[in-house]
Amino acid sequence: MKILVTGAAGFIGSNFVYQQLADHPEDQIVALDLLTYAGNLKNLDGCKDNRQFSFVKMDIRDREAIYSLFEKERFDLVVNFAAESHVDRSIEDPEIFLQTNIIGTSVLMDASLKYGVKRFHQVSTDEVYGDLPLERKDLFFTEETPLHTSSPYSSSKASADLLVGAYHRTYGLDTTISRCSNNYGPYQFPEKLIPLMIHNAEHDIPLPVYGKGLNVRDWLHVSDHCRAIDLIMRNGRTGEVYNVGGHNERANIEVVKTILKQLGKDESLITYVTDRKGHDLRYAIDPKKLESELGWQPQYTFDTGIKETIEWYQQHRGWVEEITSGDYMQYYEKMYGNR
Ligand code: NAD
Ligand code: TYD
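Because the structure is predicted, anything quoted here is derived from the model rather than measured.

Calculation rules
- Residues numbered from 1 in each chain as written.
- Chains lettered and ligands numbered in written order.
- Predicted model: local features only at pLDDT ≥ 70, side-chain atom pairs only at ≥ 80, totals over all residues.
- Heavy atoms only, no water.
- Helix = DSSP H or I, 4+ residues; strand = E, 2+ residues; numbered from the N terminus.
- Buried < 20%, exposed > 50% of the residue type's maximum accessible area, 1.4 Å probe, protein only.
- Contact = heavy atoms within 4.5 Å.
- Areas by Shrake-Rupley, 256 points an atom, 1.4 Å probe, with all protein chains shown as cover.
- Lys, Arg positive; Asp, Glu negative; His and termini not counted.
- Charge placed at Lys NZ, Arg CZ, Asp CG, Glu CD.
- Near = heavy atom within 4 Å.
- Polar contact = N/O pair within 3.5 Å; in protein donor to acceptor, adjacent residues only side chain to side chain.
- Salt bridge = Lys/Arg side-chain N within 4 Å of Asp/Glu carboxyl O.
- Nonpolar A, V, L, I, M, F, W, Y, C, P; charged D, E, K, R; others polar.
- Pairing = 2+ DSSP bridges.
- Axes fitted to C-alpha atoms, helices over the stretch in contact; angles between N-to-C directions.
- Core = buried A, V, L, I, M, F, W, Y, C linked by side-chain atoms within 4.5 Å.
- Parallel < 35°, antiparallel > 145°, perpendicular 65-115°, else oblique.
- Left-handed = near helix turned anticlockwise from the far one by under 90°.

1. Observations regarding the overall build of the protein
Part 1 of the argument: Counting its secondary structure elements, the protein contains 12 helices and 13 strands.
Part 2 of the argument: Out of the 339 residues belonging to the protein, those deemed buried represent 57%.
Part 3 of the argument: Counting only contacts in the protein whose residues sit at least 6 apart along the sequence, the fraction spanning at least 24 positions is 83%.
Part 4 of the argument: Accessible surface computed for the protein: about 14400 Å², of which carbon and sulfur atoms make up 50%.
Part 5 of the argument: Across the protein, 37 positive and 50 negative side-chain charges occur, with their mean positions spaced 1 Å apart.

In structure tokens form, the structure reads like this:
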């Protein structure tokens, strides 16, 4: 098969490319990315000499370019990771989220229809379901939970999901959607909670915890997410949505304290800052459908995954330092300077 992976130079996309190349040596992977601030070609360094792999720098919103790529390559399968992905940025500037996450997805689906793609897989998020109350530990997101978004980011992802459903029903495009909980692991951009806290702790910079740190996220190691996408896009039922999560709920403050402990740093580095606007309280996934239909099970517990991830960031300081110089410092000052 020839597979187009969009957003391939980002966090999950790059992990996914490595996994595909290792697990499916019979397939060809075309990795596409616009290389925005979040996309880093260095993330794909390890596969640039692989004959199964090629890279193209392209904007998923650019209809003309996307159509000529699809005409030339005749993909069997498209998996769309490309997105603006950070909630805090979406609160500051929603427009680009609508452009990339909604319009970009529609351009890819138009191209998929026009050039006979056999399956289009949309990488979505559990954030489309909104949030759950902190005190109701018995409640989980299922695939039937109504879409009920909070941030411009989650609203743009939910809009894309609705469009995917529309292309399936109206035009007969073969689609699948995965909705995963928060990921962690190698190559995550250090604006997100876990790599940001690791980086700050290592440099004795205060760790900015929003509100009281009691918001709960359901953490999944990126490799478990990638294995789930692999199963869904190859074997999932057409038109279906699959939730992905491994029952690893943690309050933010617990995650931050775990990181400090492993790095041997003092909890006095924790600084409670102004809460995020519209901050979702709790995410928690029910992954039964994926487990029973496709036999997926997570391989990581949070305890082993977070330990390995902290070690990865310690061993890849150069990668982090490059990203956290320049533009990132301006972003950091803007978001945290007066918080
Ligand atoms: P990321 O921000 O690390 O990567 C996104 C990639 O998309 C970047 O490489 C960026 O350059 C690229 N991109 C952005 N705009 C583009 C455009 N117009 N054309 C082509 N490429 C473009 O994000 P991530 O964390 O790897 O997330 C990937 C996908 O997974 C997203 O769709 C996100 O909504 C979804 N998701 C993420 C998580 C998570 O915890 N990170 C959880 C569930 C779902
Ligand atoms: P984040 O990694 O941005 O993912 P998402 O908002 O998509 O869940 O944030 C995870 C949680 O950590 C979220 O509840 C917000 C919180 N958070 C902080 O407390 N401080 C920070 O500096 C960041 C980036 C996030």
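2. Observations concerning the site of ligand 2
Part 1 of the argument: Taken together, 19 residues lie around ligand 2, and Glu127, Arg217, Arg276, His279 and Tyr336 are the ones closest in.
Part 2 of the argument: Here Glu127 contributes a side-chain N or O atom positioned 2.5 Å from an oxygen atom of ligand 2.
Part 3 of the argument: Take His279: an N or O atom from its side chain is 2.7 Å from an oxygen atom of ligand 2.
Part 4 of the argument: When ligand 2 is considered free in solution it has 510 Å² of accessible area, and contact with the protein chains removes 97% of it.

3. Details of the pattern of salt bridges
Part 1 of the argument: For the structure on display, the rule yields 26 salt bridges.
Part 2 of the argument: Across the salt bridge formed by Arg61 and Asp59, the nearest N and O atoms sit 2.7 Å from each other.
Part 3 of the argument: A relative accessible area of 29% means that Arg61 is categorised as partly exposed.
Part 4 of the argument: The partner of Glu92 in a salt bridge is Lys334, with the nearest N and O atoms 3.8 Å apart. In this pair, Glu92 sits in helix α3 (residues 87-92) while Lys334 sits in helix α12 (residues 327-336), placing the two residues 242 residues apart along the sequence.
Part 5 of the argument: A cluster of three or more residues bridged by salt bridges with shared partners is formed by Arg237, Glu240, Lys289 and Glu293.

4. Comments concerning the site of ligand 1
Part 1 of the argument: Lining the immediate surroundings of ligand 1 are 30 residues, of which Ile12, Asp33, Ser85, Tyr153 and Lys157 lie closest.
Part 2 of the argument: Within the complex, 97% of the 830 Å² of free accessible area of ligand 1 lies under protein.
Part 3 of the argument: Put simply, the parts of the chain that give the shell around ligand 1 at least two residues each are α1 (11-23), β2 (28-33), β5 (119-125) and α5 (152-171).
Part 4 of the argument: In terms of residue count, β5 provides more of the shell around ligand 1 than any other element does, three residues in total.
Part 5 of the argument: Looking at side-chain class alone, the shell around ligand 1 contains 15 nonpolar, 11 polar and four charged residues.

5. Considerations on the sheet that holds strand β1 (residues 2-6)
Part 1 of the argument: Taken in spatial order, the seven strands line up as β3-β2-β1-β4-β5-β6-β11 in an open sheet, and their pairing is parallel. In the strand order of this sheet, the two ends are held by β3 (53-57) and β11 (240-244), each with one partner. The sheet shows a mean angle of 20 degrees between the axes of neighbouring strands, direction not considered.
Part 2 of the argument: With four bridges connecting them, strand β4 (residues 77-80) and β5 associate as parallel partners. Across the sheet, the residue bridging to Leu77 is Arg119, located in β5.
Part 3 of the argument: The strands touched by helix α4 (residues 95-114) within the sheet are β1, β4 and β5, with β5 carrying the most contacts at an inclination of about 165 degrees.

6. Concerning the side chain of Gln19
Part 1 of the argument: Secondary-structure assignment places Gln19 in helix α1.
Part 2 of the argument: Within the local environment of Gln19, its side chain forms a polar contact with the backbone nitrogen of Arg227, the two atoms lying 3.1 Å apart.
Part 3 of the argument: Apart from residues lying up to four places away in sequence, Gln19 is in contact with Ser223, Cys226 and Arg227.

7. Considerations on the nonpolar core
Part 1 of the argument: Residues Val5, Val17, Val79 and Ile194 are the most contacted members of the largest nonpolar core, which totals 58 residues.
Part 2 of the argument: When residues of this core are assigned to their parent elements, the largest contribution, six residues, is made by helix α8 (residues 252-263).
Part 3 of the argument: Setting aside residues up to four positions removed in sequence, Val5 forms contacts with Phe16, Val17, Ile29, Val30, Ala31, Leu32, Val79 and Phe81.
Part 4 of the argument: Of all hydrophobic cores here, the second largest spans 34 residues; its members include Val30, Ile60, Val128 and Val164.

8. A look at the packing of α8 against helix α10 (residues 302-315)
Part 1 of the argument: Interaxial distance between α8 and α10 falls to 11 Å at its minimum, and their mutual angle equals 55 degrees. One way to sum up the angle between α8 and α10 is to call them oblique. Crossing hand, α8 versus α10: right-handed. Where α8 abuts α10, its residues Val255, Thr258, Ile259, Gln262 and Leu263 lie against Phe302, Ile306, Lys307, Ile310, Glu311 and Gln314.
Part 2 of the argument: Partitioned by chemical class, the residues of the contact of α8 with α10 number six nonpolar, three polar and two charged.

9. Structural notes on the side chain of Lys289
Part 1 of the argument: Looking at where Lys289 falls in the secondary structure, it is placed in helix α9 (residues 288-294).
Part 2 of the argument: Judged by its relative accessible area of 18%, Lys289 falls in the buried class.
Part 3 of the argument: Within polar-contact distance, the side chain of Lys289 engages the side chain of Glu240 at 2.5 Å.
Part 4 of the argument: Ignoring sequence-local partners within four residues, the contact set of Lys289 consists of Glu143, Arg237, Glu240, Val241, Tyr242 and Leu294.

Purely geometric numbers; function is a separate question.
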